[in-house]
Amino acid sequence: MSPVANSAVRDRLRIAIQKSGRLSEPARALLASSGLSWRESRDKLFCYGESLPVDLLLVRDDDIPGLIAEGVCDLGIVGRNVLRELINEREESGKPAAFREWRALGFGGCRLSIAVPDVWDWQSPTQLAGKRIATTYPNQLRAWLRTQGVQADIVMLNGSVEIAPRLGQADAICDLVSSGATLAANQLKPVLDILQSEAVLAGPAHPFADARADLADLLLRRMDGVLRIRDSKLLMFQAPREAMNELLQLLPDAEPPTVCAVDGADTLALQALCHGAMTWQRLEDLKRAGARGLMVLPVERMLA
Ligand code: ATP
Ligand code: ZN
């Protein structure tokens, strides 16, 4: 680890990501697409940034918000579920907010859901009154129960939450769900979501007051560029001038296009960044409406 752990003024930015798990690879890929590269140390807990003064810290995801709060790292990539839990915990104990969500990153999607035994005839959250609900997210569950005006017992578990009802430890659970297959295997069904989660960039609640501010701005701009074009394609075609209005109506997901005249003024060439899927069906519709020479190109980088 770097010799300067908590010094107040720093000129390098330190980002924590999950060492190994669901978020590790996509987090690394996003940072690499944003132009970061590292020299990896042998223990691989700290990676020294080479292309920019931005270092990586590889840790357990649950530790990331605390590391930001302590100033050990500056930013982190973590599930909203983890960040929210710790924000709620601080709120419950009257501590000031030390970190917040800076950006949603579009990967690691899942839901924090209430699940009940298959055999329950689910009508509404009031059915949870007086029941025991197992979870590893007690603060979010408590806050949600409060908004519902429901009193229930929260059974805090550190793992294997979905098996708690079968073991008689709880009546229902509140846990992360993506496909729902684990729930089904345990004779449970999700009945409502209390949080839509995805990986987020977490940072301090207050802006940096030293060189890290410019570095963080630079990184955010680059990340925004990567995120913005993640599913985007550059569409190019030519069409007769009179067909252009109808063609533009077929492109509601396009940024304002560049259009220029070719072949005198009767034929126009268009290029537009499109954010929706560019399927064969869409290309065929465009062709029918008069587009010719349709081309769909991948977009590697964008600086707005
Ligand atoms: P660590 O050892 O770092 O504590 P972990 O076991 O807590 O790892 P993972 O299972 O890798 O973590 O999950 C990391 C994050 O991935 C979760 O906090 C959540 O935001 C996200 N995620 C996406 N889909 C799922 C899912 N089906 N189950 C659990 N987490 C998911
Ligand atoms: Zn974890």
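Residues numbered from 1 in each chain as written. Chains lettered and ligands numbered in written order. Predicted model: local features only at pLDDT ≥ 70, side-chain atom pairs only at ≥ 80, totals over all residues. Heavy atoms only, no water.

Re helix α1 (residues 24–33)
For α1, the set of buried residues is Ser-24, Ala-27, Arg-28, Leu-30 and Leu-31. Each buried residue of α1 sits inside an arc of 160° when the element is viewed along its axis, so together they form one side. Against β1 (13–18), β2 (38–40), β3 (46–49), β4 (54–59), β5 (75–79) and α6 (212–228) lie the buried residues of α1. Directly beyond the C-terminal end of α1, a positive phi value near 95° is found at Gly-35. (Buried < 20%, exposed > 50% of the residue type's maximum accessible area, 1.4 Å probe, protein only. Helix = DSSP H or I, 4+ residues; strand = E, 2+ residues; numbered from the N terminus. Arc of directions from axis to C-beta. Contact = heavy atoms within 4.5 Å.)

Concerning the environment of Gly-149
Relative to the helices and strands, Gly-149 is located in the loop between α4 (138–148) and β9 (153–156). We classify Gly-149 as exposed; its relative accessible area is 66%. For the pair Gly-149 and Ala-129, spaced 20 residues apart in the sequence, the C-alpha separation amounts to 9.1 Å.

Considerations on the sheet that holds strand β11 (residues 188–197)
Ordered by their spatial adjacency, five strands build an open sheet running β9-β8-β10-β7-β11, and the pairing between neighbours is mixed. The outermost strands of the open sheet, each flanked by one partner alone, are β9 and β11. Averaged over all adjacent pairs, the angle separating strand axes in this sheet is 30°, with direction ignored. Across four bridges, the pairing between strand β8 (residues 132–135) and β9 is parallel. In the strand pairing of β9, Arg-132 is matched with Asp-153. Together, β10 (172–177) and β11 form the strand contacts of helix α3 (residues 80–92), whose direction differs from that of β11 by roughly 75°. (Pairing = 2+ DSSP bridges. Axes fitted to C-alpha atoms, helices over the stretch in contact; angles between N-to-C directions.)

Section: the packing of aromatic side chains
Applying the stated criterion across every chain yields a total of one aromatic pair. We note Arg-28 situated over the ring of Trp-38; from NZ or CZ to the ring centre the distance is 5.9 Å. (Phe/Tyr/Trp six-rings, centres within 6.5 Å; stacked < 30°, edge-to-face > 60°. Lys NZ or Arg CZ within 6 Å of the ring centre and 35° of its normal.)

Quick word on the confidence of the model for the protein chain
Confidence in the prediction for the protein chain averages 93 pLDDT; 97% of positions are at 70 or higher. Note on residues 1–7: pLDDT under 50 across the span, and 13 contacts to partners over four residues away in sequence or across chains. (pLDDT = per-residue confidence, 0-100.)

As for the site of ligand 1
Around ligand 1 lies a shell of 15 residues, among which Arg-22, Arg-60, Asp-62, Asn-81 and Ser-178 are the nearest. In this structure, an oxygen atom belonging to ligand 1 sits 2.8 Å away from a main-chain N or O atom of Arg-22. Asp-61 is positioned such that a nitrogen or oxygen atom in its side chain is 2.9 Å from an oxygen atom of ligand 1. When the free accessible area of ligand 1 is taken as 630 Å², the share hidden by the protein chains comes to 76%. Taken atom by atom, the bulk of ligand 1 overlaps the largest pocket. (Near = heavy atom within 4 Å. Polar contact = N/O pair within 3.5 Å; in protein donor to acceptor, adjacent residues only side chain to side chain. Areas by Shrake-Rupley, 256 points an atom, 1.4 Å probe, with all protein chains shown as cover. 1 Å grid on protein atoms, 1.4 Å probe; cavity = no way out; pocket = protein on both sides within 12 Å on 5 of 7 lines; lining within 4 Å. Sits in = over half its atoms within 2 Å of the grid points.)

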